[in-house]
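Residue-level structure breakdown
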Amino acid sequence: MVAGMMLAGMAQAQQVPPAQVPVVDTAAQAEVAQDTLPPPTQADGNVTTLGEVRALKPEEDEPLDLYRFKNPVQAQSNRFSKSWSEPPTPEQVSMSGGYLMMGINYGLMAAAKGLHKLTNGRDQIQSAIARPPPELTEQQQRRAAAFCEAGDCVEEER
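I will try to describe carefully the structure that is included in this document. Worth saying up front: this structure is predicted, and the values here are computed from it rather than measured.

Another aspect to go through is the overall build of the protein chain. Of regular secondary structure, the protein chain possesses five helices and zero strands. Counting all 158 residues of the protein chain, 3% fall into the buried class. For the protein chain, the accessible area works out to roughly 16,600 Å², and carbon and sulfur atoms hold 58% of it.

Written as structure tokens, this is what we have:
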């Protein structure tokens, strides 16, 4: 009942002419402000709605970080991109055995690469080379035509 009387008094204090400023403590003013807010208005038929929104799957090699800065500029590959790699994160260092083990592995890989270059061996992973489609020579085409003219040629049923 006391709260109702305070609210009624506050409502009357808000109707004072603008020349006179009412003095009200902030806690009571916050309560009144929340209670006297007008209800939200109903939207009319002229509401703009968004189209379909699709979530994109994050790339597999990158962890999802919603707060990271995403650079809008995508640099094109150049001659230095082949030999450059980002330094490992502390997590990657600890998962691969620490800096000492990474250094040993890097040295072994550099030695293996040098040995491979010295021996002029073939790469372990080689790109596929497509061969040309098989073609009959002119003599083979004449023999095939003569064979089919003789009636011995059977067409494939598909």
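With that out of the way, let us pick up unusual backbone geometry. Phi is positive for Asn120, which is not a glycine, with a value near 60°. Counting through the fold element by element, Asn120 comes out in the loop between helix H4 (98–119) and helix H5 (138–149). For Asn120, a relative accessible area of 69% translates into the label exposed.

What follows covers H4. Over its 22 residues, H4 runs 32 Å from end to end, which matches the ideal 32 Å to within 8%, given 1.5 Å per residue. Looking one or two residues beyond H4, the residue adopting positive phi is Asn120, at roughly 60°.

What follows is about the pattern of salt bridges. Enumeration over the complete set of coordinates arrives at one salt bridge. Here Arg54 makes a salt bridge to Glu52, at a shortest N to O gap of 3.0 Å. Like Arg54, the residue Glu52 is exposed in the burial classification.

Moving on to a nonpolar patch on the surface. Residues Leu100, Met101, Ile104 and Leu108 make up a contiguous nonpolar surface patch of roughly 420 Å² in combined accessible area. Looking at where Ile104 falls in the secondary structure, it is placed in helix H4.

Let us look at the environment of Asp123. For Asp123, the position within the fold is in the loop between H4 and H5. Accessibility expressed as a relative area gives 49% for Asp123, which makes it partly exposed. A distance of 3.1 Å separates polar atoms of two side chains, one belonging to Asp123 and the other to His116.

What counts, and at which threshold
Residues numbered from 1 in each chain as written. Predicted model: local features only at pLDDT ≥ 70, side-chain atom pairs only at ≥ 80, totals over all residues. Heavy atoms only, no water. Helix = DSSP H or I, 4+ residues; strand = E, 2+ residues; numbered from the N terminus. Buried < 20%, exposed > 50% of the residue type's maximum accessible area, 1.4 Å probe, protein only. Areas by Shrake-Rupley, 256 points an atom, 1.4 Å probe, with all protein chains shown as cover. Expected span 1.5 Å × (residues − 1). Salt bridge = Lys/Arg side-chain N within 4 Å of Asp/Glu carboxyl O. Patch = residues over 30% accessible without salt bridge, like charges linked within 9 Å, V, L, I, M, F, W, Y side chains within 5 Å. Polar contact = N/O pair within 3.5 Å; in protein donor to acceptor, adjacent residues only side chain to side chain.

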